[in-house]
Amino acid sequence: MLALSWSSLFEPGFFSSEPVQVALVVGAITAVVSGIVGVFTVIRGQSFAGHALSDIGTAGGSAAFLVGASTIYGFVAFNVVAAGVMELIGIRKPRGRDLATGIVLGASLGLAALFLYEDTISSSTTGATVNVLFGSIFTLPPGITTVMAVLGATSVALIALVYRPLLLSSVSYELAAARRVPVRLVGGSYLLALALAVSMSAVTIGAILSTALLIGPAAIALRLATRTGVAIAVAAAVAVFACWVGTLIAYDSTVWAGGNGWPVSFCIVAVIFVLYFASGVVARFRGDRRQATTSDQRLAAELVEVA
Amino acid sequence: MSVTTDPVPAVGESPLGIGTGMSAPDTVLQVEDVSVSLAGRRVLDRVSFSIEGGEFCGLIGSNGAGKTTLLRAILGLIHPSSGRIVVSGGTRTRRNPQIGYVPQKITLETDMPLRARDLVGLGLDGHRFGISRPGAKRRTAVDEMLEAVGATRFADARIGNLSGGEQQRVMIAQALICRPKLLLLDEPLANLDIRSAAEVVDLLAQIAGEQRIAILLSAHDMNPLLPVMDRVVYLADGRAAAGTTDEVVRTDTLSALYGHHVEVIHVAGRVLVVSGAEHQAHHPGDADPSVREA
């Protein structure tokens, strides 16, 4: 019975296949980094910056493809430069930040269109487009694991280095500035960590979907955790879970669908989406119990009485 | 300790240099003839006053009067074009743990994964790089501070889920945990209901008295502060009148400050500042926002 359900869960060759092993390892590294960085992206309200970076990365990835390099280097180069430009143009006012991001984003998407066109012409297939936009987790180049581990470690180390001032400036920019936190240095370090996380995610699940791995698990974690450290741990765990389950579903679907399975990115994002709804149900259930005792409501009740 | 011996007039040549006089040995904040220009506009015009340890000082003025600019100058975030600011004997140049700060209108989203006690902890070491290592000493310091501001009950709740008054208590604890000599609060009573505002004011008065901390609190309405205010700095158009409430909140003093006739009226224990002719109801445009129906 157990053997039956076990074998129907994992189609033959899942664990022995080398591409699958690489996919699971690289997926996990990417997921952990995305989960950690994503929590700060959400609490700083910079989802749009994350999304912009992933779109900008599209230009980088397609450019790398054009010159025959591994897409990861294109993603990293373009994202790091874009993060630097975004930081330089404007950070204080949310509106200025939005505008700066939007302008850099528009220009990059134009470049991406050009590069993807050239890629398609030169290789006479749509392989480049699919690879850049939707990821290449099952066809990763050899040696990618080391590159990803180094990038991931750098990103996480940056976050760890600025952890407290980053949190303080996320609570209040004014307060952090008054405490003499080098707010731009801290914000810049965070953006660099974000650029690396988005690049890794772009390789794994594709440039246009990488935000899902960044924002989704973090949003789920913020619904469940009360502490920053716990939120980060939950986000990383959720991201790894989604990556692995998504990879498994994608692998199994090749058997179910007879040859052409579903894209891995679709499966991973689908898992995140389902978990997001589930976390909403959990949070609402817990929230209902908590709400009854919040002081706001007690005060409101008292005011009604007075009136 | 920097001591000025000359009485510093609060507003140019007008007879408002009240209360500053000699710098007492316990002077925590001394603002001397400070002017600030931002983008070519003179936001503060020769502002002078001082506060001693344990004193509760209200910084009163309408929006745009220069309250936030003055607080930012004291924090060292803005450099005055002339004049001098002395905090607890030393000029402000670098990070000064002598000053605790509660900024204006912080919006804490409900999904912010931070408990009240975590925010207070950030007050202790939030400016340091790296990740804080939890320890018994740190925890005790945070617990004591939460207790001191009456926030123990909701210490483990998410800050985003707390009421406005509760959030202000946590922000005050965050500002006080480094044991500053001066506490600056920028409009902490805005958006609080009357009862929460009164509770926050009482708490601050108690802290000022017990810990000998000088408090400078900005507000557009002075009424909630009247019971506890030792001193008032009244700002209008970047100019200031400073002294005790009785000295400053008077028809002649405020008329001189505004440069036109304003009437100070006491109604049912509240103070109203009404501009224009004595019998004329105030116009929304030229009246001070602290003017409200009692």
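The shown structure was predicted, so the numbers you read here are calculated from the model rather than taken from an experiment. (Residues numbered from 1 in each chain as written. Chains lettered and ligands numbered in written order. Predicted model: local features only at pLDDT ≥ 70, side-chain atom pairs only at ≥ 80, totals over all residues.)

**Considering the overall build of chain B**
Inference 1: For chain B, the count of helices and strands is seven helices and twelve strands.
Inference 2: Residues counted as buried form 46% of the 294 residues belonging to chain B.
Inference 3: Here the contacts in chain B between residues at least 6 apart in sequence split such that 65% fall between residues at least 24 apart. (Helix = DSSP H or I, 4+ residues; strand = E, 2+ residues; numbered from the N terminus. Buried ≥ 20, exposed ≤ 12 C-beta atoms within 10 Å, placed from the backbone. Contact = placed C-beta atoms within 7 Å.)

**What to know about the overall build of chain A**
Inference 1: The number of helices and strands found in chain A is 14 helices and zero strands.
Inference 2: Across the 307 residues of chain A, 48% fall into the buried class.

**Examining the interface of chain B and chain A**
Inference 1: If you look at the interface, chain B gives 27 residues, while chain A gives 29 residues.
Inference 2: Taken together, the residues of the side of chain B that touches chain A break down into twelve nonpolar, six polar and nine charged. (Nonpolar A, V, L, I, M, F, W, Y, C, P; charged D, E, K, R; others polar.)

**Looking at the pairing of strand β3 (residues 56-60) of chain B**
Residue and element names in this part refer to chain B.
Inference 1: Of all five residues that make up β3, five are buried, and the element is covered over most of its length.
Inference 2: Residues F56, G58 and I60 of β3 are buried on one face, and the alternating residues C57 and L59, pointing to the opposite face, are buried as well.
Inference 3: Both β3 and strand β8 (residues 214-219) contribute to a ladder of five bridges, which runs parallel. Looking at β8, one finds that I60 is bridged to A219.
Inference 4: As judged from the four bridges shared by β3 and strand β9 (residues 231-236), these two strands associate in the parallel manner. (Pairing = 2+ DSSP bridges.)

**Considering the sheet that holds strand β6 (residues 99-102) of chain B**
Strand pairing in a sheet takes place through backbone hydrogen bonds and is either antiparallel or parallel in direction.
Residues and elements named next belong to chain B.
Inference 1: Read across the sheet, six strands follow the order β6-β7-β8-β3-β9-β10 without closing on themselves; strand pairing throughout is mixed. What marks the edges here is a single partner per strand, and that holds for β6 and β10 (239-243). When the angles between neighbouring strand axes are averaged without regard to direction, this sheet yields 15 degrees.
Inference 2: With four bridges joining them, β6 and strand β7 (residues 182-186) adopt parallel strand pairing. (Axes fitted to C-alpha atoms, helices over the stretch in contact; angles between N-to-C directions.)

**Some points on the pairing of β8(B)**
Residues and elements named next belong to chain B.
Inference 1: Most of β8 is tucked away, with six of its six residues classed as buried.
Inference 2: Neither face of β8 is open: one carries A214, L216 and S218, the other I215, L217 and A219, and all of them are buried.
Inference 3: Taken together, the five bridges between β7 and β8 define a ladder with parallel strand orientation. Looking at the pairing, L184 lines up with L216 of β8.
Inference 4: Handedness of the β-α-β unit built from β7, helix α5 (residues 194-211) and β8 comes out right-handed. (Right-handed = clockwise from strand over helix to strand, strands pointing away.)

**Observations regarding helix α3 (residues 47-66) of chain A**
Residue and element names in this part refer to chain A.
Inference 1: Under the 1.5 Å per step criterion, the end-to-end length of α3 is 29 Å for 20 residues, consistent within 8% with the ideal 28 Å.
Inference 2: With 17 of its 20 residues buried, α3 lies for the most part within the structure.
Inference 3: G68 sits one or two residues past α3 and shows a positive phi near 80 degrees. (Expected span 1.5 Å × (residues − 1).)

**Here we look at the environment of A107(A)**
All names here are of chain A.
Inference 1: Tracing the backbone through its elements, the reader meets A107 in helix α5 (residues 94-123).
Inference 2: When the 14 C-beta atoms within 10 Å are taken as the criterion, A107 is described as partly exposed.
Inference 3: Linking A107 and I56, residues 51 residues apart in sequence, is a C-alpha distance of 8.5 Å.

**A short note on the confidence of the model for chain B**
All names here are of chain B.
Inference 1: Within chain B, residue pLDDT values average 83, and 82% of them lie at 70 or more.
Inference 2: Low pLDDT (under 50) marks residues 1-22, which in the prediction has 50 contacts with non-local residues, meaning those over four places away or in another chain.
Inference 3: A low-confidence stretch, residues 279-294 (pLDDT under 50), is modelled with 29 contacts involving residues beyond four sequence positions or located in other chains.
Inference 4: The ipTM value of the predicted complex is 0.83, and its pTM value is 0.85. (pLDDT = per-residue confidence, 0-100.)

**Examining the domain arrangement of chain B**
Residue and element names in this part refer to chain B.
Inference 1: Segmenting chain B into domains produces domain 1 (1-98 + 180-246) and domain 2 (108-179).
Inference 2: Of all the elements, α5 adds the most residues to the side of domain 1 that touches domain 2, at five residues.
Inference 3: Residue classes in the side of domain 1 that touches domain 2 are distributed as eight nonpolar, two polar and one charged. (Domains from an automatic or database assignment.)

**Some thoughts on the packing of α3(A) against helix α11 (residues 210-224) of chain A**
Residues and elements named next belong to chain A.
Inference 1: Closest axis-to-axis distance for the α3/α11 pair is 9 Å, and the angle between their directions is 160 degrees. Classified by the angle their axes make, α3 and α11 are roughly antiparallel. The interaxial crossing formed by α3 with α11 has right-handed handedness. Contacts between α3 and α11 pair S47, G50, H51 and S54 from the former with S210, T211, L214 and I215 from the latter.
Inference 2: For the contact of α3 with α11, the residue count by class is two nonpolar, six polar and no charged. (Parallel < 35°, antiparallel > 145°, perpendicular 65-115°, else oblique. Left-handed = near helix turned anticlockwise from the far one by under 90°.)

**Some points on the environment of G164(B)**
Residue and element names in this part refer to chain B.
Inference 1: As for its position among the elements, G164 is in helix α4 (residues 164-176).
Inference 2: Here the alpha-carbon distance between G164 and P224, two residues 60 residues apart in the chain, equals 16 Å.
Inference 3: Once residues within four sequence positions are removed from consideration, G164 is found in contact with N191, L192 and S196.

**A closer look at unusual backbone geometry**
Residues and elements named next belong to chain B.
Inference 1: Its identity is not glycine, yet R46 carries a phi of approximately 45 degrees, on the positive side.
Inference 2: With respect to the helices and strands, the residue R46 is situated in strand β2 (residues 41-52).
Inference 3: The phi dihedral of D237 falls on the positive side, at around 55 degrees, and the residue is not glycine.
Inference 4: Looking at the element boundaries, D237 is found in the loop between β9 and β10.

**Focus on the nonpolar core**
Inference 1: In terms of nonpolar packing, the biggest core is built from 180 residues, with A235(A) and Y234(B) touching the most fellow members.
Inference 2: Looking at which domains feed residues into this core, each of domain 1 (1-98 + 180-246) and domain 2 (108-179) of chain B gives three or more.
Inference 3: Look past the residues within four positions of Y234(B) in its chain and what remains in contact with it is I60(B), G61(B), A240(B), A241(B), V248(B), L254(B) and L257(B). (Core = buried A, V, L, I, M, F, W, Y, C linked by C-beta atoms within 7 Å.)

**What about the packing of helix α2 (residues 116-125) of chain B against α4(B)?**
All names here are of chain B.
Inference 1: It is the contact of α2 with α4, at a shortest axis distance of 7 Å, that shows an interaxial angle of 30 degrees. Regarding the angle of α2 to α4, the classification is roughly parallel. In terms of crossing hand, the pair formed by α2 and α4 is right-handed. Note on element contacts: α4 touches α2 through V170, A173, Q174 and A175, opposite A116, L119, V120, L122 and G123.
Inference 2: Grouping the amino acids of the contact of α2 with α4 by side-chain chemistry returns seven nonpolar, two polar and no charged.

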